Amino acid sequence: MTYQHKIVLFIAVIVLAAGGVAAWRWWPRRSADQAPPVIEAVRERPAIPVPAVPFRDATAEANIQFQHFNGAYGLKLLPETMGPGVCVLDYDNDGWQDILLINGCPWPGQDWPNGSPQPCLKLYRNTGNGRFTDVTQAAGLQTFQFYGLGACAGDFDNDGYIDLFVTGVGGCHLFHNVAGNGGQRRFEEVATRMGLPPSGGWPSSATAGSFDKHAEPIEFATSATFVDYDRDGWLDLFLCRYVTWSPAIDLAIDSTLTGIGRAYLQPQQFEGSQCALYRNHGGKRFEDVSEAAGVTVYEREGTDATARRRSVAKALGVVVCDPDEDGWPDLLVANDTVRNFFFHNVADGQGGRRYVEKGQEAGAAYAEARARGAMGIDWGEYLPGRRGAVIANFANEPITFLTVADRQRPRFIDSALAVGLAGPSRFWLKFGIFFWDYDLDGRLDLLVCNGHLEPEISKVQAQQSYAQPVLLFWNTGDSQRLWEPVTAAAAGSELFQPLVGRGCAYLDYDGDGDLDVLLVANNGPVRLLRNEQKLGHRWLRLTLEGDGVTSNRSAIGAVITVEAGGQVYQREVEGGRSYLSQCELPVTIGLGQLAADQVEKVTVRWPASPGAPPQVWQHLKVNTAYRLRQGQSQAEILCELGLP
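This one's a predicted model, so the numbers in the text were calculated from it and none came from an experiment.

(A) Focus on the overall build of the protein. In terms of regular secondary structure, the protein is built from five helices and 40 strands. At 28 Å, the protein has a C-alpha radius of gyration in line with the 26 Å of a compact globule built from 644 residues. With the C-alpha coordinates aligned to their principal axes, the bounding extent of the protein is approximately 110 × 70 × 55 Å. Here the protein holds 644 residues, and 57% of them are scored as buried. By sequence separation, contacts in the protein at least 24 residues apart represent 61% of the contacts at least 6 residues apart. Accessible surface, the protein: about 26,200 Å² in total, of which carbon and sulfur atoms supply 52%. For the protein, the distance from the average site of its 56 positive side-chain charges to the average site of its 74 negative ones is 6 Å.

(B) Quick peek at the side chain of Ser 290. Tracing the backbone shows Ser 290 in the loop between strand E15 (285–288) and strand E16 (298–300). Judged by its relative accessible area of 5%, Ser 290 is buried. Residues contacting Ser 290, with those up to four places away along its chain left out, are Cys 275, Ala 276, Leu 277, Val 295 and Thr 296.

(C) Highlighting the domain arrangement of the protein. Here the protein is described as being made up of domain 1 (63–107 + 116–203 + 211–538) and domain 2 (539–640). For domain 1 versus domain 2, the separation of C-alpha centres amounts to 24 Å. Contacts between the two partners involve 67 residues from domain 1, matched on the other side by 46 residues from domain 2. Overall, the association of domain 1 and domain 2 removes approximately 4,200 Å² of surface from exposure, summing both partners, and the carbon and sulfur fraction of that is 47%.

(D) Main features of the pairing of strand E27 (residues 445–450). Summarising burial for E27: six of the six residues are buried, a large majority. Residues Asp 445, Leu 447 and Cys 449 line one face of E27 and the alternating positions Leu 446, Val 448 and Asn 450 line the opposite face, and both faces are buried. Both strand E26 (residues 430–436) and E27 contribute to a ladder of six bridges, which runs antiparallel. By the bridge assignment for E27, Phe 435 is matched with Leu 446. By the bridge criterion, three bridges tie E27 to strand E28 (residues 471–475) in an arrangement that is antiparallel. Residue pairing for E28: Leu 446 is matched across the bridge by Phe 473.

(E) The environment of Lys 534, seen in detail. In this fold, Lys 534 is placed in the loop between strand E32 (527–531) and strand E33 (538–545). Judged by relative accessible area, Lys 534 falls into the exposed class, the value being 75%. Separated by 20 residues in the primary sequence, Lys 534 and Asp 514 place their C-alpha atoms 9.9 Å from one another.

(F) Inspection of the side chain of Gln 570 at higher detail. With respect to the helices and strands, Gln 570 occurs in strand E35 (residues 567–572). In terms of polar contacts, Gln 570 uses its side chain to reach the side chain of Thr 561, at 3.5 Å.

(G) A look at unusual backbone geometry. The linkage connecting Gly 83 with the following residue, Pro 84, adopts the cis geometry, with an omega of 0°. Mapped onto the fold, Pro 84 is located in the loop between strand E1 (55–57) and strand E2 (86–89). Look at the link from Arg 409 to Pro 410: it is a cis peptide, with omega at -20°. Here Pro 410 lies in the loop between strand E24 (400–406) and strand E25 (411–414).

(H) Region of interest: the sheet that holds E27. The strand order across the open sheet formed by four strands is E26-E27-E28-E29, and the pairing between neighbours is antiparallel. Each edge of the open sheet is held by one strand with a lone partner, namely E26 and strand E29 (483–485). Shown here is a sheet whose adjacent strand axes are inclined to one another by a mean of 25°, direction ignored.

(I) Highlighting the packing of aromatic side chains. For the coordinates displayed, the defined rule picks out 26 aromatic pairs. Ring centres of Phe 434 and Trp 436 lie 5.3 Å apart, and the angle between their planes is 85°; on these two criteria the pair is classed as edge-to-face. Taking the relative accessible area as the measure of exposure, Phe 434 reaches 0% and is therefore buried. Here the aromatic rings of Phe 434 and Tyr 506 are separated by 5.3 Å at their centres, their planes lie at 70°, and the arrangement is edge-to-face. With a gap of 72 residues between them, Phe 434 in strand E26 and Tyr 506 in strand E30 (residues 501–507) connect regions that are remote in the sequence. On the basis of relative accessible area, Tyr 506 is assigned to the buried category, the value being 10%. For the cation-ring pair, Arg 309 lies above Tyr 298, with the distance from its terminal atom to the ring centre recorded as 3.9 Å. A cation over an aromatic ring shows up here: Arg 353 above the ring of Trp 328, its NZ or CZ 3.8 Å from the ring centre.

(J) Molecular detail of the sheet that holds strand E5 (residues 132–134). Ordered by their spatial adjacency, four strands build an open sheet running E2-E3-E4-E5, and the pairing between neighbours is antiparallel. Each edge of the open sheet is held by one strand with a lone partner, namely E2 and E5. Sheet twist, expressed as the mean angle between neighbouring strand axes with direction ignored, is 25°. Relative to E5, strand E4 (residues 121–126) runs antiparallel, the two sharing three bridges. Counted as the bridge partner of Arg 125 is Thr 133 from E5.

(K) Focus on the pattern of salt bridges. Tallied over the full model, the rule gives 42 salt bridges. The partner of Arg 629 in a salt bridge is Glu 545, and the shortest N-O contact between them spans 3.6 Å. Here Arg 629 is found in strand E39 (residues 624–629), whereas its partner Glu 545 is found in strand E33, with 84 residues between them in sequence. By relative accessible area, which is 23% here, Arg 629 ends up partly exposed. Salt bridges sharing partners connect three or more residues here, namely Arg 56, Glu 61, Asp 510, Asp 512, Arg 530 and Glu 532.

Conventions we followed
- Residues numbered from 1 in each chain as written.
- Predicted model: local features only at pLDDT ≥ 70, side-chain atom pairs only at ≥ 80, totals over all residues.
- Heavy atoms only, no water.
- Helix = DSSP H or I, 4+ residues; strand = E, 2+ residues; numbered from the N terminus.
- Rg over C-alpha atoms; globule rule 2.2 N^0.38 Å.
- Buried < 20%, exposed > 50% of the residue type's maximum accessible area, 1.4 Å probe, protein only.
- Contact = heavy atoms within 4.5 Å.
- Areas by Shrake-Rupley, 256 points an atom, 1.4 Å probe, with all protein chains shown as cover.
- Lys, Arg positive; Asp, Glu negative; His and termini not counted.
- Charge placed at Lys NZ, Arg CZ, Asp CG, Glu CD.
- Domains from an automatic or database assignment.
- Buried area = accessible area lost by both parts, 1.4 Å probe.
- Pairing = 2+ DSSP bridges.
- Polar contact = N/O pair within 3.5 Å; in protein donor to acceptor, adjacent residues only side chain to side chain.
- Axes fitted to C-alpha atoms, helices over the stretch in contact; angles between N-to-C directions.
- Phe/Tyr/Trp six-rings, centres within 6.5 Å; stacked < 30°, edge-to-face > 60°.
- Lys NZ or Arg CZ within 6 Å of the ring centre and 35° of its normal.
- Salt bridge = Lys/Arg side-chain N within 4 Å of Asp/Glu carboxyl O.

As structure tokens, this is what we get:
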């Protein structure tokens, strides 16, 4: 060390020492001047009063008798945990909402319980007096035997009658609604004729001894929705697929729970799959445009260009949305334990449309920087002019609440924690989910259907249970405390009776203006809960019908804007949503304590070709159900209950 370096080092030591003395002299005086901080005790957030809206179990009196069968016989195969969904539709155009229930079936070589075969689809016709009639056989659905999971409905040929698409393990079915005997309607299976895949690999010839060794993958189709993605007036079809599955793949993976033995596998233990998009060519055939339209998603397993590409999707839920409000239908897909997808609808440069997957870029792929076990999904206007999506996730994961933060890009933010959803929803294993205005105050509330996968889960997780109660959240209208949990004190105990919940849907089955709810259980019964609210809130119910030329007859994708009493409400006609399910197509708009006897204006933006003008109706009466037809100025009154 040079002489100069020694001088510099000596000066630095002197400066540091002086600074230390100054700090030592200052610190005691500073501490004496300040009192220690006072930390208040944690206070529980006071509950917000919610309106009393009792729900009553009306299943038996409505004459609905259905018991789901999952086919389980001891091997614990993954599909046994997944179903069922439920689909609400008016199949005979009588103005009353009917119900399609979806069943499983025995695995090859096995038999039905008690040796008594059951239909895998069950159709209940609403007779208009608060009761339903089983019309499965008359509707031509009695003989179909397959492992059903979910369904959606839409008029794919624009003939004025709604058709059905049913998903399942081993393939899907497309049912065309045709004329039957005596003026009735029935369904005819047309999947192969319409160009859809004819088979999903179901090993129908397998025996009890050979089925568990079947290694060839079997199609595992889950949720689906009709959507006119190119706005040519014909409903296209989007299909979710879960994992690459076969019984041999399932049984080759070891999965045990202490004290139970073999457990149902988790999706992380399977390869992914691919969603599909089928373009409708004039109601005559469907074409698989999945690759060309951008809904197949792959990732490489390494950085090398030769690394294997693997399928990403483990899709369980899908909902049509339009966060950038450009009129072109986008798609949000809920994936189980892998990133969610946001398919953004863009021009393909050749005069058509395609999707670009932007989940990560748009902030929809992950929550808290990781993938969750996403199941059901829905989209709606949660506050005036503000829209978002809710996603039901696995146990110990809260609901994801994707609010639109930027319409131009577009971009989402998970706001569940900020608005009071994260804490109350975290514990439960959530499947079905939907927005609805159950108290008719004009704000969309939220219902979640829950149930575990493992029948004996309480042996390893004492606080968990196989059957679980639903969650109901009331929309307060306050953006700071948006969602308030509803208890049995306000909604009655019958709504919250535990079930192994999966799909769920709402409908106004009794025509009284408020919304009732259907809950379906895995390996259990269906439940119909009647809404018995007496709040005196006003409402407007709209059934839309496209012209069948520029818009699809079902009007799926139409946007409704209602102006009443200084308020503006926006709702959409949605297809498949929730989990494996579809709610009714008619739209009920709650008007709360509106003083006027009429709404000022109803504007409909039809899902027609770009540039088509919206259609306006004025001075529609409240507490009335209307049919609005594209191109016709007169609103048809379907039901008028009058004012209290």
